[in-house]
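Structural overview for review
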Amino acid sequence: MKKLTYLTLSLFSIFTFAQEVSKERVKTVLSTLASDEMKGREIGTLENENAANYIAALFKENNLEYCTGKSYLVPFDYNGKTVYNVCGIKKGKSDQYLGFSGHFDHIGTSDKSGDNIYNGADDDASGITTLVGIADYFKNKKPEFSMVFMAFNGEEKGMLGSRAISTDKNLDHIYNKMTALFNFEMVATESQWGKNALYMTGDGFSDLDELFNQNAVNGLKINADPYAKQQLFYRSDNVSFVKKKIIAHSFSTVDMTKASHYHHENDDINVVDFDNMTQIINNLGKTLDKLSPKNFAPKYNDQVKF
């Protein structure tokens, strides 16, 4: 009888924790995107296209469906050159969507001698790694919401990729059913509230954070935007979707009063707290697994400017 109980508990443990995303996986994805070989992933470069193809391969690993056409790569024009956003779909039990996004481009290289690569580990390989981690978490699950994963290009040149894909009519079948978009922007470091915590830009404009926190597991918390005066809500990729009146906020951990790596060559994997990132990704997954159109329908208030 004891053996049977132990076996039952063992099987329960396997199924309970089977979806956990490993720190090794988080480190592999982020390190690949932020490697010297990617040369800062500046839009229009071969390395930027290599990054897009790498993300597409990760989406394929997770058996995501194409958002449009016959590829995860969604083209748009940049100075007469074809460049790509990356987009994949996970069908859930409902046709209502949650969106997860981040930007994979960065600012390339500098002319200085020595370390001249802007690796962009925090900005924003960390955001891409987070959305890939969520896709990993749900690979063998069928969530209540359908999910769309979008890796934007050209953020550093003025949010070009998010503008292009947000106005792509071929994706209206998704946007017309989108409950909310979570845009991850610089989540590699421990927040000013400590581990297992993020903040949400524009927290005063919707009740997304309250509804999320009501369902949050393992102490995960979304805090208020400490930089509200800087209007980051209107200065990140989420704003392309705000203009469509879709609930869309950016989520971050970076303490801008201490972020000496921001847009510097030392934004490499040495700034990354992989334990904290892994914890956040898994707790995001577990919390999202509890959300459904019945308990999660955030709304804007009259303070937001479209």
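Structure: see above.
Keep in mind it's a predicted model, so treat the numbers as computed, not measured.

**Digging into the pairing of strand β4 (residues 97–103)**
- With seven of seven residues buried, β4 is to be regarded as a mostly interior element.
- Sheet topology note: the β4/strand β5 (residues 146–152) ladder contains seven bridges and is parallel. The residue bridging glycine 102 from the neighbouring strand is alanine 151, located in β5.
- Judged from the five bridges that link them, β4 and strand β6 (residues 178–184) form a sheet pairing that is parallel. Within β6, the residue paired with serine 101 across the bridge is asparagine 183.

**Section: unusual backbone geometry**
- In this structure, the amide linkage connecting aspartate 123 to the following residue, aspartate 124, adopts the cis form with an omega of 0 degrees.
- Residue placement: aspartate 124 occurs in helix α4 (residues 121–137).
- The backbone phi angle of methionine 159 is positive, close to 60 degrees, even though this residue is not glycine.
- Within the chain, asparagine 196 stands out as a residue other than glycine whose phi angle is a positive 60 degrees.
- Take asparagine 196: it is sitting in the loop between β6 and β7 (197–200).

**So, the pairing of strand β2 (residues 73–78)**
- As paired strands, β2 and strand β3 (residues 81–90) are joined by six bridges and run antiparallel to one another. Note on β3: the bridge partner recorded for valine 74 is asparagine 85.
- Taking the residues between adjacent antiparallel strands as the criterion, β2 and β3 are bridged by two residues, where asparagine 79 takes a positive phi near 50 degrees.

**Observations regarding the nonpolar core**
- Counting residues in hydrophobic clusters, the biggest one holds 81 residues, and the most contacted among them are Val86, Phe100, Met150, Phe182, Phe212, Leu288 and Phe296.
- Here the element with the most residues in this core is α4; it accounts for eight residues.
- Residues within four places of phenylalanine 296 in sequence aside, it is in contact with Leu98, Phe145, Thr179, Ala180, Phe182, Leu208, Leu211, Phe212 and Leu291.
- Among the nonpolar cores identified, the runner-up in size contains six residues, and Met186, Tyr199, Leu232 and Ala259 belong to it.

Cut-offs applied
- Residues numbered from 1 in each chain as written.
- Predicted model: local features only at pLDDT ≥ 70, side-chain atom pairs only at ≥ 80, totals over all residues.
- Heavy atoms only, no water.
- Buried < 20%, exposed > 50% of the residue type's maximum accessible area, 1.4 Å probe, protein only.
- Helix = DSSP H or I, 4+ residues; strand = E, 2+ residues; numbered from the N terminus.
- Pairing = 2+ DSSP bridges.
- Core = buried A, V, L, I, M, F, W, Y, C linked by side-chain atoms within 4.5 Å.
- Contact = heavy atoms within 4.5 Å.

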